[in-house]
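Okay, here's what each chain looks like letter by letter:
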Amino acid sequence: TDSADLLNVFTDRVNDVSRLSEYCVNGYTVRVSNTAEAEDDYYLKFVGDGDMSGSGVWEETYKPGIEVDYNPYSMPHQIVRLFDENGNIYFRVSPVDWEPRLVGDEITNPTPSFVGQGINKILLYRNRLVMLSDQNIIMSRPGDFFNFWGKTALTISPVDPIDLSTSSSTPTSIYNGVEVNAGLLVFGEEEQFLVTTDNDVFTADTAKVLTTSRYGYNVATSPVSMGTTVGFVNN
């Protein structure tokens, strides 16, 4: 046997997962750098059998020290309709149990652009929860309304969240939106955009934002779908 096969040493970084041992300290994290490009790095954590050091498996995780949670008290809250023991309806207002970031870093799984910004409107579109924040349209994972993080840092997935920025010569904050046949029509104070796709599948790779019109819009009102047209109040 080649003596090089008898001992394999690594610290907190490897360039090939084959160098990782099936025995390690429980919770130990390494950075996997397959190429010289930092954009494709990812992180693995050792999960020991029975949460003990020794034998176990390596699972994808997030970069050590990175922020993985939101402050739930500065995020939108939820109103839930409930029934008491007598069948009477009451409502509970509470923070949302937002999903944390489980994998990646700020390059492979960046923080949603609404963090640190105000949220102007919350909508539903294509089975995704949509946040309109500043110049951005941010959508959750489909069917997972409280999850705005990617599933894996290794590849792009159709269920990844979508974070789009409007493209305009004049910075335009987005305040409202309404679903139309062609996509999601969103309204800025002086400009309107259409979130759409040319593909059958609506994903982070296929979604795009197009300028549709430049009308004044009263941000204190909501646009209304009227079938083939949309009505809104001019400012």
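Every value quoted in this text rests on a predicted model; they were computed, and no experiment measured them. Numbers given for residues are sequential positions, taken from 1 along each chain in its written order. Side-chain atom pairs in this predicted model are given and counted only at pLDDT of 80 or more, local residue features only at pLDDT of at least 70, and totals for whole chains, interfaces and linings cover all residues. Values reported for side chains reflect all heavy atoms of the structure, with hydrogen atoms and water molecules removed beforehand.

Asker: Would you explain a nonpolar patch on the surface in this entry?
Answerer: Taken together, the side chains of Ile-79, Phe-83, Ile-89, Phe-91 and Val-93 make up a nonpolar region of the molecular surface, amounting to roughly 570 Å² of accessible area. Every helix listed is a DSSP run of H or I at least four residues long, and every strand listed is a run of E at least two residues long, numbered separately from the N terminus. Looking at the nonpolar patch element by element, the count peaks at 3 residues for strand E7 (residues 89-95). Along the chain, Phe-91 turns up in strand E7. Burial classification: accessible surface area is computed with a 1.4 Å probe over protein chains only, and a residue below 20% of its type maximum counts as buried, one above 50% as exposed, and the rest as partly exposed. Since its relative accessible area comes to 54%, Phe-91 is described here as exposed. Only residues whose relative accessible area exceeds 30% and that form no salt bridge enter a patch; like-charged residues are grouped when within 9 Å of one another, and nonpolar side chains (Val, Leu, Ile, Met, Phe, Trp, Tyr) when within 5 Å. Residue exposure ignores everything except the shown protein chains as possible cover, and the areas themselves are Shrake-Rupley values with a 1.4 Å probe. Counted as salt bridges are all cases of a side-chain nitrogen of Lys or Arg within 4 Å of a carboxyl oxygen of Asp or Glu.

Asker: Help me out: how do you make sense of the sheet that holds strand E15 (residues 207-213) in this one?
Answerer: Where strands meet in a sheet, backbone hydrogen bonds hold them as pairs that are either parallel or antiparallel. We treat two strands as partners when DSSP finds at least two bridges between them. Spatial ordering of the open sheet is given by E12-E13-E14-E15, a layout of 4 strands whose pairing is antiparallel. With partners counted over all chains shown, the strands left at the sheet margins are strand E12 (174-180) and E15, one partner each. With strand direction ignored, the average angle separating the axes of adjacent strands in the sheet is 25 degrees. Working convention: axes come from line fits to C-alpha atoms, limited for helices to the stretch in contact. Angles between N-to-C directions cover 0 to 180 degrees.

Asker: Got a minute to help me understand the environment of Asp-12 in this structure?
Answerer: Within the fold, Asp-12 resides in the segment before strand E1 (13-14). Through-space distance from the C-alpha of Asp-12 to that of Val-32 is 8.8 Å; in sequence the pair is 20 residues apart. The criterion used for residue contact is that any of the two residues' heavy atoms lie within 4.5 Å. Ignoring any residue separated from it by four or fewer positions in sequence, one finds Asp-12 in contact with Tyr-28, Thr-29, Val-30 and Arg-31. One polar contact links Asp-12 to Thr-11, side chain to side chain, over a distance of 3.4 Å. Pairs of N or O atoms within 3.5 Å make up the polar contacts considered here, provided that, within protein, one atom can donate a hydrogen while the other can accept it, and that residues adjacent in sequence are counted only when both atoms are side-chain atoms.

Asker: Just checking my understanding: could you explain the nonpolar core for this structure?
Answerer: Generally speaking, nonpolar side chains in soluble globular proteins are found buried as a group. Buried Ala, Val, Leu, Ile, Met, Phe, Trp, Tyr and Cys residues form a nonpolar core when they are joined through side-chain atoms within 4.5 Å. Grouped together as the largest cluster of nonpolar side chains are 16 residues, with contacts concentrated most on Val-130, Ile-137, Met-139, Leu-184 and Val-195. At the level of secondary structure, the elements contributing two or more residues to this core comprise strand E8 (121-125), strand E9 (128-133), strand E10 (136-139), strand E11 (162-165), strand E13 (183-188), strand E14 (192-197) and E15. Not counting chain neighbours up to four residues away, the residues in contact with Met-139 comprise Tyr-125, Arg-128, Leu-129, Val-130, Phe-148, Pro-161, Ile-162, Leu-184, Val-195 and Phe-202. Residues Val-30, Tyr-42, Phe-46 and Trp-58 belong to the second largest nonpolar core, which totals 11 residues.

Asker: Where do I start with the packing of aromatic side chains in this structure?
Answerer: By convention here, two paired aromatic rings are described through the distance between centres and the angle between planes. We call Phe, Tyr and Trp rings a pair once their centres come within 6.5 Å, taking the six-membered ring for Trp, and we label the pair stacked below 30 degrees between planes, edge-to-face above 60, and tilted otherwise. Enumeration according to the criterion identifies 12 aromatic pairs in this entry. Between the aromatic rings of Trp-98 and Phe-146, the centroid separation amounts to 5.2 Å while the plane-to-plane angle is 70 degrees, which identifies the pairing as edge-to-face. Of this pair, Trp-98 sits in the loop between E7 and E8 while Phe-146 is found in the loop between E10 and E11, placing the two residues 48 residues apart along the sequence. Aromatic pair Tyr-215 and Phe-232: ring centres 6.3 Å apart, planes at 50 degrees, arrangement tilted. Pair noted here: Tyr-215 is in the loop between E15 and strand E16 (224-225) and Phe-232 is in the segment after strand E17 (230-231), with a separation of 17 residues, a long-range link.

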